[in-house]
Amino acid sequence: MTTITDPPQGAFRLSMLLNDTRYRSYTFQFIALVALIAAFAFLGSNLFSNLAAAGLNISYQFLGSPAGYDINQTLVEYTSQSTNARAALVGVLNTMLVAFLACVTATIFGVIAGVLRLSNNWLVSKLMSFYVEIFRNIPVLIWIIIIFTIMIAVLPGPRAFRGDEPEASMVLNAIAFTNRGVYIPAPVWGPGSMVVVITFLLSIMGVFAYRRYATKLLYDTGRLLPMGWPSLAIFFVPTLLVYFIMGMPVGLEYPELKGFNFAGGIKVGGPLIALWFALSIYTGAFIAENVRAGIQAISKGQTEAAGALGLRSGRIMNLVVLPQALRVIIPPLISQYLNITKNSSLAIAVGYADITATLGGITLNQTGRAIECVLLLMLFYLTISLCISAIMNVYNNSVKLKER
Amino acid sequence: MSDTSANSVAFVRTETVPPSPPPFSTTGPVKWAKDNLFSTPFYSVLTVAAVYFIYLILAGTLPWILAGVWTTSSLAECREVLEGVSGACFSVLTERWNQLLFVFKYPVDQYWRPSLAFIVFFAAAAPVLFYKLPRKLLIITALFPFVAYYLIWGGTIWTPILAMAGVVAGYVVYSRLVAGSFAAGFFGGIAAAIVVWTIGGWIIPDNANEGAWLAAVPSRDLGGFMLNMMLGVTCVSLSVPLGIALALGRQSDMPLIKWICVIFIEFIRGVPLITLLFVASVMLAYFFPPGTTTDLFLRVVIMITMFSAAYIAEVIRGGLAALPRGQYEAADSLGLDYAQAMRLIILPLSLKISFPVIVNVAVGLFKDTTLVSVISMFDLLGMIRGPILASTEWNGVYWELLGFAALLFFVVCYGISQYSQWLERQLATDHR
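Not measured: the values here are computed from a predicted model.

### Describing the overall build of chain A
Item 1. Check the secondary structure of chain A and you find 12 helices and seven strands.
Item 2. Principal axes of the C-alpha set define a box for chain A whose edges measure 95 × 70 × 45 Å.
Item 3. Across the 404 residues that make up chain A, the buried fraction comes to 29%.
Item 4. Considering only intrachain contacts with a sequence separation of at least 6, the fraction spanning at least 24 residues in chain A is 65%.

Right under this line is the structure:
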């Protein structure tokens, strides 16, 4: 907001550095630069003298030395003899895993709650606004701890599944909810299962190809092909056919009670479930508000105009309301995904081995390399945030109203 | 005509039929239920499911709450009283209320001090939140930080008085010089305050805390919900001015200042609060001059303030961007310089737009203060997970304690968010 004045004539004088708007900004920036350098020099000299006094130095050697602790939930191979860098990698993957799962379920919860909150059903819409207010106004850490407490204090131990008349039983004989975690069946990939998987992927592509062809046909000739049942058929039929032709190569390994604990199947630890569920239900409340705001932002005239053109209500939603509402919904949705990723660092409170708990928790405490660990931790989260912001910018530019 | 009809038609009604009541199904509660609960088959199913869900929740919790025990001194006694009936053991709240609310190791005979500070807090917050109250009440707000500091931490009374003297000196110098130029007033005020504090620091003797009226309480003895409140209030009030400065810096024409602000804001917003708290607990001490020891409370306040300042700066930037360009141009055409234009026109208008959002950020920040329990500070949640659940008397009382914490946060946060919506309606002066 520089003031526009007639440029004064005459030679440069020293006082113009303060009084002339053309030069004043250079003065201010110079002062800011000097202050910044001075502050960094002050902090840096403090840091080095403090480190020297404590006999420490900045070094990342510890990443290559054995970590010496166990992690109960890992996606890659890991033993206590693996390096600290490997432990950090396990943490990174665990963070990504819980963030991805929570993003998917939070979106589902949020969209359902947001749409139902706008419904004409008084009871359901009140129930949904109750859900939104309850979950938005209580800290997520309390939710994580509450759900974790349910996992460890309410669910039965594996012992309860034993005996002729067990106190607890498995859901559908396949899923066991115990206080040590949830056991789910694991897929067994027999010979020839690759063919089934490839067929499945091809049929997904086939669905998209069919829908694109139908749309093109509609635009070119006006002929309307059915969309619903052919898509379903392309999705299921080839895969099932190949599955049975190959002799059912993909099986399920069910968890079974062996001794004092379950064996077989996949164990999903209590901390992961608590974090996943708490994050998705907490963030779902925020997403519900975004969805509601997005749908309400579309003026009623749009719906009425589409109805006047003779569109059916499903098509009004798909072709008129949703494309416009998504423009409003998606940017805050992506920043909620960012929040989920950042809030997943609360894993440390329930002992889920994400990056904060491995690199910023146990590794930091065992090696004492506080500065290095915290810096690496910040770098990781910063990278994720910047990537998500970049995606958001690309999206925003692509859906921006093209005004001419 | 009248005889014709009298003779040819058997019966003619001479008076109008009284309106019959509408059918039973189109009035009153039945119609309401039909419209709002059972309008389509799908909605009917939803309604039944919702009713069943509410019944499940109530059937699960109500008997448990109503059978609650309030007067025992340990969980084992609770179980004896309940005799196998499912019921809550609220005695933990009545027995440990002091730890939950404000105290970690606070001296028992001094409980009145944080309580009084809490009451004064309402008097101080009222004129800020409700702009229709007389403006003179802002004096209480201005005095509150010093009074609250003295009440909670105690020690020599000269510390808050000196701090206040510095602020007063700064304000006097500022109001003298601001007529000439804002920059001179601003920096002159800061310089005057620093001079007073430095001189005062020499005058106050090192052992001034001994024999003070109110015994000094170290920060590590504070805890419970009071710690959440203190962190929330302190950090929000400190971060608003910092956030304004960052937002203005981000809008600046000067590239260097703009980039400093952009990098700061994006860095802070890109990392989780918990990593900043790690910085406070394990790293920040390395950046202070050698030989000084700083309080963990102070270090946490510094980091949370930086955190919320970055978020508030983005909110204020939104407010600045929402302002019509004409306001800036009008200020320029009146011949106001940058400081005057900002102080008199731009900031008042844009803060009015962004204030309700700032309140929402403050709610989020207040909820985030529970994270300090991760770096082993004993706030409400840290207190529950640490000393109370670990004690032999109360090991296993999860739901009463967590429910209490959730209720406390819900009341405060819901109250503030309702306030923010009310304020938004009050401030909506444009006729759109």
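Read on, since the account is not over.
### Observations concerning the nonpolar core
Item 1. Ranked by size, the top nonpolar core spans 160 residues in total, and within it I144, A274, L275 and A278 of chain A together with L277 of chain B carry the most contacts.
Item 2. Contact partners of A278 of chain A, with chain neighbours within four places excluded, come to V140, W143, I144 and I147 of chain A.

### Considering helix α7 (residues 138-153) of chain B
Residue and element names in this part refer to chain B.
Item 1. Taking 1.5 Å of rise per residue, the 16 residues of α7 would be expected to cover 22 Å, and the 23 Å separating its terminal C-alpha atoms lies within 8% of that figure.
Item 2. Where α7 bends most, at F144, the angle is about 45°, and the proline P145 comes one to four residues later.
Item 3. When α7 is considered as a whole, its buried residues turn out to be A148, Y150, I152 and W153.
Item 4. Where α7 is buried, its residues meet α6 (112-129) and α8 (158-177).
Item 5. With its phi angle positive at about 70°, G154 sits one or two positions after the end of α7.

### Considering the packing of helix α14 (residues 325-333) of chain B against helix α15 (residues 338-368) of chain B
All names here are of chain B.
Item 1. Where α14 meets α15, the axes come as close as 10 Å, and the angle between the chain directions of the two elements is 165°. Relative to α15, the element α14 is oriented roughly antiparallel. The handedness of the crossing between α14 and α15 comes out as right-handed. Side by side, α14 and α15 meet where Q327, Y328, A331 and D332 of the first sit next to A341, I345, I346 and L349 of the second.
Item 2. Of the residues in the contact of α14 with α15, the class split is six nonpolar, one polar and one charged.

### Quick notes on the confidence of the model for chain B
Item 1. Averaged over all residues, the pLDDT of chain B equals 84, while 96% of them reach at least 70.
Item 2. The ipTM assigned to the predicted complex is 0.87, against a pTM of 0.86.

### Some thoughts on unusual backbone geometry
Residues and elements named next belong to chain B.
Item 1. You will see that S376, though not glycine, has its phi angle at about 50°, which is positive.
Item 2. The residue S376 is located in the loop between α15 and α16 (380-390) in this model.
Item 3. Exposure remark for S376: the 10 C-beta atoms within 10 Å place this residue in the exposed category.

### What to know about the domain arrangement of chain A
Item 1. In terms of domain boundaries, chain A breaks down into domain 1 (28-53) and domain 2 (104-185 + 254-337).
Item 2. For domain 1 of chain A versus domain 2 of chain A, the separation of C-alpha centres amounts to 48 Å.

### Structural notes on the domain arrangement of chain B
Item 1. Considered domain by domain, chain B is made up of domain 1 (1-56), domain 2 (155-213) and domain 3 (221-432).
Item 2. The C-alpha-based centres of domain 1 of chain B and domain 3 of chain B are spaced at 56 Å.

### Considerations on the interface of chain B and chain A
Item 1. Residue-level contacts link 46 residues of chain B with 49 residues of chain A.
Item 2. With nine residues, helix α17 (residues 398-427) of chain B is the single largest residue contributor to the side of chain B that touches chain A.
Item 3. Tallied by class, the residues present in the side of chain B that touches chain A amount to 35 nonpolar, seven polar and four charged.

### A short note on helix α13 (residues 296-322) of chain B
Item 1. With 27 residues, α13 of chain B should reach 39 Å at 1.5 Å per residue; the first-to-last C-alpha distance of 39 Å fits that figure.
Item 2. With respect to burial, α13 of chain B is a largely interior element, 19 of its 27 residues being buried.

### Regarding the pairing of strand β2 (residues 181-184) of chain A
All names here are of chain A.
Item 1. Where strand β1 (residues 176-178) meets β2, three bridges bridge the pair, whose relative direction is antiparallel. Each residue of the ladder has a partner; that of A176, found in β2, is Y183.
Item 2. Between β1 and β2, which pair antiparallel and follow one another directly, the connecting turn spans two residues.
Item 3. Pairing analysis gives three bridges linking β2 to strand β7 (residues 266-268), with the strands arranged antiparallel. The residue of β7 that forms the bridge with Y183 is K267.

### Thoughts on the packing of helix α2 (residues 21-54) of chain A against helix α11 (residues 255-270) of chain B
Item 1. Put simply, α2 of chain A and α11 of chain B touch, their axes get as near as 8 Å, and they point 40° apart. Taken together, the axes of α2 of chain A and α11 of chain B are oblique relative to one another. Facing Q29, A32, L33 and L36 of chain A of α2 of chain A, the residues of α11 of chain B in contact are L256, I257 and I260 of chain B.

Rules and cut-offs
Residues numbered from 1 in each chain as written. Chains lettered and ligands numbered in written order. Predicted model: local features only at pLDDT ≥ 70, side-chain atom pairs only at ≥ 80, totals over all residues. Helix = DSSP H or I, 4+ residues; strand = E, 2+ residues; numbered from the N terminus. Buried ≥ 20, exposed ≤ 12 C-beta atoms within 10 Å, placed from the backbone. Contact = placed C-beta atoms within 7 Å. Core = buried A, V, L, I, M, F, W, Y, C linked by C-beta atoms within 7 Å. Expected span 1.5 Å × (residues − 1). Bend = angle between axes of the 7 residues up to and from the residue. Axes fitted to C-alpha atoms, helices over the stretch in contact; angles between N-to-C directions. Parallel < 35°, antiparallel > 145°, perpendicular 65-115°, else oblique. Left-handed = near helix turned anticlockwise from the far one by under 90°. Nonpolar A, V, L, I, M, F, W, Y, C, P; charged D, E, K, R; others polar. pLDDT = per-residue confidence, 0-100. Domains from an automatic or database assignment. Pairing = 2+ DSSP bridges.

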